[in-house]
Amino acid sequence: MAAQAQETIKVGILHSLSGTMAISETTLKDAMLMLIEEQNKKGGVLGKKLEAVVVDPASNWPLFAEKARDLLTKDKVAAVFGCWTSVSRKSVLPVFEEMNGLLFYPVQYEGEESSRNVFYTGAAPNQQAIPAVDYLAEKEKVQRWVLAGTDYVYPRTTNKILETYLKSKGVKAEDIMINYTPFGHSDWQSIVADIKKFGMAGKKTAVVSTINGDANVPFYKELGNQGIKAEDIPVVAFSVGEEELAGIDTKPLVGHLAAWNYFMSVEDPVNSAFIKQWKSFIKDEKRVTNDPMEAHYIGFNMWVKAVEKAGTTAPDAVIDAIVGVTVPNLTGGYSAMMPNHHITKPVLIGEIQEDGQFEIVSKTPGLVVGDEWSDFLPDSKDLISDWRAPMGCGNFNVKTGKCGGKGA
């Protein structure tokens, strides 16, 4: 009953404010503070004010787990919004499962996971990577593929899915080049030279980039240095959005692509209101919005709705209440929380413009349901996740009719 006696409902914010991922994550902390302030203006939740508890895990993966444990045990937060890289999410996952906490994770990821305690509001591979490859193959007639990523779980698993997918579409092994670089990689000369050479085989070539964080800046610069233009070898990125483009010279990037579920340039009244609110909150006309911010906007509003529906912030009640909850997204529709704890989203492809914004060149006709277990990996093609009673399973095998355990 002690929790009921608290004057405020505490909300944890677990984002890197220093280190290599700060370039991407600081904005998400700010977005959460704005959403919490806004909710408090409406009277809070269940008649109580929300209180943000901000910590800095400093782009240090083990520190994420430590900070998550503190938020749940010492600060007694009702829910946590946080993490960016999959390494940080994998690091905190056992903590949330052990302490029965709630994590809202706002970034596109590799799939192959479903936890009762995590709500995945970013894209699964079928909501970003697969549609991006389809777009390049159909619209740009791409036949050779460079899969370039930062060396950790998200790029490696996504590329494994894409490699299998491309081969299933008849692409030969010699037409796929795969490359990994460490976090913060800065010397791209020889890799870009290899990409250029690979693209000279007389077949249309594209780069599918899962390069993360601040390594993107020297990568695009080097493409420009070596005269690789978007019309020659287009790059489609899954981790480059408005925020990453804000501080750099975008000339070498013009015409390259990114696949997301939201762009700041979306013309919709809900989005216009959100941008206006953001600029006024951050007191900077130049600050941009981006996809993971929209994911926090959706996730936070879903959490509020589920808490109100349950009449309590108790995790088990919120987990039961949140499936089927729908809230507006920023692209002119509604997103729903599915039984697999992933949400429905449209998929957009945007072309980088000189001002660092994106011109939307493609949009899925409807909403795509996030697929937690890829159809293109042998170990997961028969698995589904459904956290509702009576199944309550994150990796149910439809062939054997058995639940494989927790689901992570």
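Heads up: the structure comes first, above all this text.
Residues numbered from 1 in each chain as written. Predicted model: local features only at pLDDT ≥ 70, side-chain atom pairs only at ≥ 80, totals over all residues. Heavy atoms only, no water.

Asker: Can you walk me through the pairing of strand β1 (residues 8-14) in this structure?
Answerer: In the case of a regular strand, side chains alternate between the two sheet surfaces. Counting buried positions over the seven residues of β1 gives five, a clear majority of the element. Summarising the sheet, β1 and strand β2 (residues 49-55) pair through seven bridges and their orientation is parallel. In the strand pairing of β2, Thr-8 is matched with Lys-49. Note on the crossover from β1 through helix α2 (residues 22-41) to β2: the handedness is right-handed. Strand direction decides the pairing type here: β1 and strand β3 (residues 79-82), joined by four bridges, are parallel. (Buried < 20%, exposed > 50% of the residue type's maximum accessible area, 1.4 Å probe, protein only. Helix = DSSP H or I, 4+ residues; strand = E, 2+ residues; numbered from the N terminus. Pairing = 2+ DSSP bridges. Right-handed = clockwise from strand over helix to strand, strands pointing away.)

Asker: Explain the sheet that holds strand β5 (residues 118-120) to me, please; I cannot follow it from the model alone.
Answerer: Backbone-to-backbone hydrogen bonds join strands into a sheet, with any given pair of strands oriented parallel or antiparallel. Strand order across the open sheet formed by five strands is β2-β1-β3-β4-β5, with parallel pairing between neighbours. Lying at the two open borders of the sheet, with one neighbouring strand each, are β2 and β5. On average, each strand axis in the sheet is inclined to that of its neighbour by 25°, with strand direction left out of account. Pairing analysis gives three bridges linking strand β4 (residues 103-105) to β5, with the strands arranged parallel. Paired with Tyr-105 across the bridge in β5 is Tyr-120. (Axes fitted to C-alpha atoms, helices over the stretch in contact; angles between N-to-C directions.)

Asker: Just to check I follow, could you spell out the environment of Asp-187 for this structure?
Answerer: Inspection of the secondary structure assignment puts Asp-187 in the loop between β7 (176-181) and α7 (189-198). Sequence-wise, Asp-187 and Pro-218 are 31 residues apart; in three dimensions their C-alpha atoms are separated by 7.3 Å. A distance of 3.4 Å separates a polar side-chain atom of Asp-187 from the backbone nitrogen of Gln-189. (Polar contact = N/O pair within 3.5 Å; in protein donor to acceptor, adjacent residues only side chain to side chain.)

Asker: Whenever I open this one, the sheet that holds strand β15 (residues 358-363) confuses me. Can you help?
Answerer: Reading across from one edge, β7-β6-β8-β9-β10-β14-β15 is the order of the seven strands in this open sheet, with mixed pairing throughout. The sheet is open, and its two edges are formed by β7 and β15, each paired on a single side. Recorded for the sheet is a direction-independent mean angle of 25° between the axes of neighbouring strands. Bridging between strand β6 (residues 144-150) and β7 involves six bridges; their strand directions are parallel. Across the sheet, Leu-147 pairs through a bridge with Ile-178, a residue of β7. Helix-sheet contacts for helix α8 (residues 216-225) involve β8 (205-210) and β9 (235-237), and the interaxial angle to β9 is about 170°. (Contact = heavy atoms within 4.5 Å.)

Asker: Even after reading the chapter, I still don't get the pattern of salt bridges, so can you show me in this structure?
Answerer: As a working rule, side chains carrying opposite charge can pair if their charged atoms are close by. Per the stated rule, a full pass over the model turns up 17 salt bridges. Of the charged contacts in the structure, one is a salt bridge between Glu-98 and Arg-69, with a shortest N-O distance of 2.8 Å. With Glu-98 in helix α4 (residues 86-99) and Arg-69 in helix α3 (residues 61-73), this residue pair connects regions lying 29 residues apart in the sequence. One salt bridge in this structure joins Asp-175 and Arg-144, with 2.8 Å as the shortest N-O distance. In this pair, Asp-175 sits in the loop between α6 (153-168) and β7 while Arg-144 sits in strand β6, placing the two residues 31 residues apart along the sequence. Each of the two residues, Asp-175 as well as Arg-144, counts as buried. Within the structure, one salt-bridge network assembled from shared partners comprises Arg-89, Lys-90, Glu-110 and Glu-113. (Salt bridge = Lys/Arg side-chain N within 4 Å of Asp/Glu carboxyl O.)

Asker: Teacher, can you tell me more about the side chain of Ser-24 here?
Answerer: Tracing the chain through its elements places Ser-24 in helix α2. Reaching out from Ser-24, the side chain makes a polar contact with the side chain of Glu-244 at a distance of 2.7 Å. Dropping the residues within four chain positions of it, Ser-24 is found in contact with Trp-84 and Glu-244.

Asker: What is the right way to look at α7 in this model?
Answerer: An α-helix turns once every 3.6 residues. As a result, residues three or four positions apart point the same way. Every buried residue of α7 is listed here: Ile-191, Val-192, Ile-195 and Phe-198. Along the axis of α7, the buried residues cluster in a sector spanning 120°; they form a single face. Structural note: α7 exposes Gln-189 and Lys-197 on the side pointing more than 90 degrees away from its buried face. Where α7 is buried, its residues touch β6, β7, β8 and α8. (Arc of directions from axis to C-beta.)

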